[in-house]
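# Structural description and commentary
Here are the chains, one letter per residue:
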Amino acid sequence: MEIESKGTNTHKKKKAKKNFKGYNLKWVIWITIWTFFLAIGISFISETVLRKVHILIAFFILITIIFIGILFDLIGIAVAAANEKPFHSMSSNKIKGAKFALKLVRNAGPVSNFCNDVIGDICGIVSGAAAAILILQFTKIKNINTPFLSIGLSGFVASITVGGKALGKEVALKKSKEIVFHVGKILYYVHHKVGIDFFSDKKK
């Protein structure tokens, strides 16, 4: 029994080592580099645009950035919570989007990491920077209490982000199948119109 236990533990260690050196490490390096350039790109575009547009448009852009973060957080949770089984039958019946929905669920780890951590965190950082630029825009207007405005806008951004994500989590957990299927349909049309396939046919 002891020899068998040692053999099993050695096999598990080798498997874990293989996974770390293979897929996981490659994904971590790839997503780290990709996030760096994506964050720089989004920050540069948002700051360049926000400094030149009207205050109302800048505020609308800020709300849009927050909404994007909430939306991707919702998608990431839905994919992590979804089950493969419904999409197997839908895929066998050749329903548009089912195959891509299945790919999303099979790649739940990277997808949720990308949606929740990459896009979600970037949107959080960019929304903070956008709020700061918006405050600078307000300082050009006379009779504006800048400290009070800064505190109020920071509280607004934080409350909308947290409240939106809390609501998104509830929706994602209850409607995970529907959300994943709709995202799968979008990926289906992207693939057929542009020829891009974000995932390989991978089985667990």
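Residues numbered from 1 in each chain as written. Predicted model: local features only at pLDDT ≥ 70, side-chain atom pairs only at ≥ 80, totals over all residues. Heavy atoms only, no water.

## Quick notes on the overall build of the protein
Looking only at helices and strands, one finds 7 helices and 0 strands in the protein. Each helix (α) and strand (β) of the protein, taken in turn from the N terminus, gives the series α-α-α-α-α-α-α. Sorting the 204 residues of the protein into buried and exposed places 32% on the buried side. Residue pairs in contact within the protein that sit at least 24 positions apart in sequence constitute 80% of those at least 6 positions apart. Just so you have it, the protein exposes about 13,300 Å², and 68% of that area is on carbon and sulfur atoms. (Helix = DSSP H or I, 4+ residues; strand = E, 2+ residues; numbered from the N terminus. Buried < 20%, exposed > 50% of the residue type's maximum accessible area, 1.4 Å probe, protein only. Contact = heavy atoms within 4.5 Å. Areas by Shrake-Rupley, 256 points an atom, 1.4 Å probe, with all protein chains shown as cover.)

## Considering the nonpolar core
Counting 24 residues, the largest nonpolar core has V79, F87, L104, A172, I179, V180 and V183 as its most contacted members. With sequence-adjacent residues up to four places away left out, V79 is seen in contact with L104, V105, A108, V111 and V180. With 20 residues, the next largest nonpolar core counts A58, I66, I70 and C123 among its residues. (Core = buried A, V, L, I, M, F, W, Y, C linked by side-chain atoms within 4.5 Å.)

## Here we look at helix 5 (residues 108-139)
Because an α-helix packs 3.6 residues into every turn, residues spaced three or four apart end up facing the same way. Over its 32 residues, helix 5 extends 45 Å from the first C-alpha to the last, a length consistent with the 46 Å expected when each residue adds 1.5 Å. By the largest-angle criterion, F114 marks the main kink of helix 5, which is about 30°. (Expected span 1.5 Å × (residues − 1). Bend = angle between axes of the 7 residues up to and from the residue.)

## Remarks on the packing of aromatic side chains
Within the structure shown, the criterion is met by 4 aromatic pairs. Ring geometry for F36 versus F37: centroids 5.2 Å apart, planes at 80°, classification edge-to-face. Exposure remark for F37: the relative accessible area of 54% places this residue in the exposed category. Taken together, the aromatic side chains of F100, Y188 and Y189 make up a single cluster linked through ring pairs. One Lys or Arg, K103, reaches over the ring of F100 and ends 5.0 Å from the middle of that ring. (Phe/Tyr/Trp six-rings, centres within 6.5 Å; stacked < 30°, edge-to-face > 60°. Lys NZ or Arg CZ within 6 Å of the ring centre and 35° of its normal.)

## Points about the environment of I77
Note on placement: I77 falls in helix 2 (residues 55-81). A relative accessible area of 16% means that I77 is categorised as buried. Here the alpha-carbon distance between I77 and A108, two residues 31 residues apart in the chain, equals 9.1 Å. With near-sequence residues (within four places) excluded, I77 lies in contact with N116, K169, A172 and L173.

## Section: the pattern of salt bridges
Charged atoms that come close allow side chains of opposite charge to pair. Within this structure, the stated rule accounts for 2 salt bridges. Close ionic contact of D73 with K169 constitutes a salt bridge, the shortest N to O distance being 3.2 Å. Here K169 lies in helix 6 (residues 146-174) and D73 lies in helix 2, a separation of 96 residues in the sequence. Exposure remark for D73: the relative accessible area of 6% places this residue in the buried category. Looking at K169, the relative accessible area reads 35%, which means it is partly exposed. Put simply, R106 and E84 hold a salt bridge, and the shortest N to O gap is 3.6 Å. Here R106, found in helix 4 (residues 98-106), pairs with E84, found in the loop between helix 2 and helix 3 (85-92); they are 22 residues apart in sequence, far enough to count as distant. Like E84, R106 is buried. (Salt bridge = Lys/Arg side-chain N within 4 Å of Asp/Glu carboxyl O.)

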